[in-house]
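Spelled out, the chains give:
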Amino acid sequence: MTRFTAAALQMRSGTNPEKNAETLSRLVEEAVAKGAGYIQTPEMTGAVQKNRKALMAVLKGEEDDIIVRTASSLAERHGVYLHVGSTAIAVGGDRVANRALLFAPDGTIAARYDKIHMFDVDLDNGESWRESAVYRPGETACLARLPFVRLGMAICYDVRFPDLFRTYALAGAEVLTAPAAFTKQTGEAHWHVLQRARAIENGAFMISAAQAGVHEDGRETFGHSIIIDPWGRVLAEAGDVGEAVVTAEIDTDQVAEARGKVPNLKNIRPFTLEERQAMQASAEKA
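The shown structure was predicted, so the numbers you read here are calculated from the model rather than taken from an experiment.

S.K.: Mind showing me how you'd approach the UniProt feature "domain: CN hydrolase" (unreviewed entry) in the chain here?
M.R.: The UniProt entry lists residues 4–252 under the feature "domain: CN hydrolase" (unreviewed entry), expressed in the numbering used here. Taken end to end, residues 4–252 comprises 26% helix and 31% strand; its first and last C-alpha atoms sit 9 Å apart.

Below, the structure is given as structure tokens:
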């Protein structure tokens with residue numbers, strides 16, 4: 001049996017990484033005061049900036065990034081695992097990684113994950129996004145083995161690709177994650193059902209910190225940072241605007257219990273796809 005307190009930090013990151021680092025520090029302090037040993041921040045913790053030129057102007061490599069330095073210091077100071085849901089990292093030339101980083105209690109980076117699936121969409125009311133124009137997609141999933149839990153790392157739009165989360169579950173993950181900066185439009189339609197579905201179909205906890213509210217660059221994010229248990233029950237949830245710290249106790253025995261009740265991971269069977277033409281016969285031939 002392993003129990004620990006997890007925290008999801010809800011932010012409304014602006015365009016200035018230094019100010020966002022200050023917010024990060026304050027919210028981590030609050031999470032630690034609530035007893036959290038694992039703390040997760042949202043996607044784009046360091047800067048929410050849709051203007052490519054302006055984003056590039058504030059980007060740094062991993063070693064020089066203020067969010068990386070701040071998170072490392074906070075993890076070491078408080079002796080916690082601090083999961084930066086993602087931040088933009090310069091990776092050479094004009095390319096950027098949307099990178100998640102997990103810091104161990106000694107301040108070292110225990111795991112990295114670059115967002116695999118790019119949010120290239122055209123929504124209603126003219127809302128359009130092309131992440132692939134800025135970000136270099138990742139190619140490797142990351143299962144992080146903490147002393148008290150196995151954690152599958154993902155970011156935002158990844159949540160729409162269930163095979164990634166199924167891969168983690170089959171590899172033994174008890175906690176799945178999808179820290180996000182969901183748009184208000186897609187969040188209102190799909191946030192809760194996607195988060196709960198990934199938990200239910202894999203018999204795992206789902207922890208997803210989120211950005212919330214109207215940002216300096218003009219975008220509006222959905223919020224509702226959430227922690228869900230393996231049976232699909234919402235254990236903690238933030239609101240739709242502004243900063244928050246939500247916490248819940250994670251008992252990994254509940255993963256085995258849920259998977260024992262509904263052993264769908266064990267019941268997976270191979271199959272083939274057959275495509276057949278099923279056109280209606282014409283009246284004359286009938």
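S.K.: Just checking my understanding: could you explain the sheet that holds strand S14 (residues 226–228) for this structure?
M.R.: Think of a sheet as strands paired side by side through backbone hydrogen bonds, with each pair either parallel or antiparallel. The six strands are arranged S8-S9-S10-S11-S14-S15 in an open sheet whose pairing can be described as mixed. What marks the edges here is a single partner per strand, and that holds for strand S8 (142–146) and strand S15 (234–237). If you compare each strand with its neighbour and ignore which way they point, the axes differ by 20 degrees on average. Strand direction decides the pairing type here: S8 and strand S9 (residues 149–153), joined by five bridges, are antiparallel. Each bridged residue has a counterpart across the sheet, and for Ala144 the counterpart in S9 is Leu151. Contacts from helix H5 (residues 184–202) reach strand S10 (175–177), strand S11 (205–208), S14 and S15 within the one sheet, and its direction differs from that of S14 by about 30 degrees.

S.K.: Can you walk me through the nonpolar core in this structure?
M.R.: For soluble globular proteins, nonpolar side chains are generally found buried alongside one another. Tyr38, Leu102, Leu146 and Met153 are the most contacted members of the largest nonpolar core, which totals 49 residues. Core analysis: the second largest hydrophobic core is formed by 22 residues, Ala71, Ala75, Val80 and Leu82 among them.

S.K.: I tried to follow empty space enclosed by the protein on my own but got confused; where do I start?
M.R.: Where empty space is left becomes clear once a probe the size of a water molecule has been rolled over the atoms. A complete count under the given rule lists one cavity of 30 Å³ or more for this structure. Space inside the largest cavity adds up to approximately 60 Å³. Around the largest cavity sit Phe119, Cys156, Tyr157, Arg160, Ala181, Phe182, Thr183 and Thr186, which together line it. Taken together, the residues of the lining of the largest cavity sort by class into five nonpolar, two polar and one charged.

S.K.: Looking at this structure, how should I read the pairing of S9?
M.R.: Strand residues, when the strand is regular, have side chains that alternate between the two faces of the sheet. Across the five residues that make up S9, a large majority, four, are buried. In terms of strand pairing, S9 meets S10 through two bridges, oriented parallel. Counterpart to Gly152 in the pairing with S10 is Leu176. For the segment spanning S9, helix H4 (residues 162–170) and S10, crossover handedness is right-handed.

S.K.: So what exactly am I meant to see when it comes to the packing of helix H1 (residues 17–33) against helix H3 (residues 66–78) here?
M.R.: Each pair of packed helices can be described by the angle between their axes along with the distance between the axes. As a packed pair, H1 and H3 sit with axes 9 Å apart at the nearest point and diverge in direction by 20 degrees. As far as their axial angle goes, H3 and H1 are roughly parallel. By crossing handedness, the relation of H1 to H3 is classed as right-handed. For the pair formed by H1 and H3, the contact residues are Pro17, Glu18, Asn20, Ala21, Leu24, Ser25, Val28, Glu29 and Val32 on the first element and Ile66, Ile67, Thr70, Ala71, Leu74, Arg77 and His78 on the second. Split by residue class, the contact of H1 with H3 holds nine nonpolar, four polar and three charged.

S.K.: So what exactly am I meant to see when it comes to H3 here?
M.R.: For an α-helix the count is 3.6 residues per turn, leaving residues at separations of three or four pointing the same way. Between the first and last C-alpha of H3 there are 18 Å, a value that for 13 residues agrees with the 18 Å anticipated at 1.5 Å per step. Restricting attention to buried positions, one finds in H3 the residues Ile67, Val68, Thr70, Ala71, Leu74 and Ala75. Down the axis of H3, the buried side of the element spans an arc of 165 degrees, and every buried residue falls inside it. Among the exposed residues of H3, those oriented more than 90 degrees off its buried face are Glu76 and Arg77. On its buried face, H3 sits against H1, strand S3 (81–90), strand S4 (96–103) and strand S5 (109–114). The N-capping residue of H3, defined by a side-chain oxygen 2.9 Å from the backbone nitrogen of Ile67, is Asp65. Of the residues flanking the end of H3, it is Gly79, one or two places downstream, whose phi is positive at about 65 degrees.

S.K.: Hey, could you run me through H5 in this one?
M.R.: Look at H5: 26 Å from first C-alpha to last across 19 residues, which is about the 27 Å you get at 1.5 Å a residue. Thr186, Gly187, Trp191, Leu194, Gln195, Arg198, Ala199 and Asn202 are the residues of H5 that are buried. Close packing links the buried residues of H5 with H4, S10, S11, strand S13 (220–222), S14 and helix H6 (253–261).

The rules we used
Residues numbered from 1 in each chain as written. Predicted model: local features only at pLDDT ≥ 70, side-chain atom pairs only at ≥ 80, totals over all residues. Heavy atoms only, no water. UniProt positions renumbered as here; feature names shortened; annotations may be inferred. Helix = DSSP H or I, 4+ residues; strand = E, 2+ residues; numbered from the N terminus. Pairing = 2+ DSSP bridges. Axes fitted to C-alpha atoms, helices over the stretch in contact; angles between N-to-C directions. Contact = heavy atoms within 4.5 Å. Core = buried A, V, L, I, M, F, W, Y, C linked by side-chain atoms within 4.5 Å. Buried < 20%, exposed > 50% of the residue type's maximum accessible area, 1.4 Å probe, protein only. 1 Å grid on protein atoms, 1.4 Å probe; cavity = no way out; pocket = protein on both sides within 12 Å on 5 of 7 lines; lining within 4 Å. Points joined across faces, edges and corners; volume = space filled by probe spheres on them. Nonpolar A, V, L, I, M, F, W, Y, C, P; charged D, E, K, R; others polar. Right-handed = clockwise from strand over helix to strand, strands pointing away. Parallel < 35°, antiparallel > 145°, perpendicular 65-115°, else oblique. Left-handed = near helix turned anticlockwise from the far one by under 90°. Expected span 1.5 Å × (residues − 1). Arc of directions from axis to C-beta. Polar contact = N/O pair within 3.5 Å; in protein donor to acceptor, adjacent residues only side chain to side chain.

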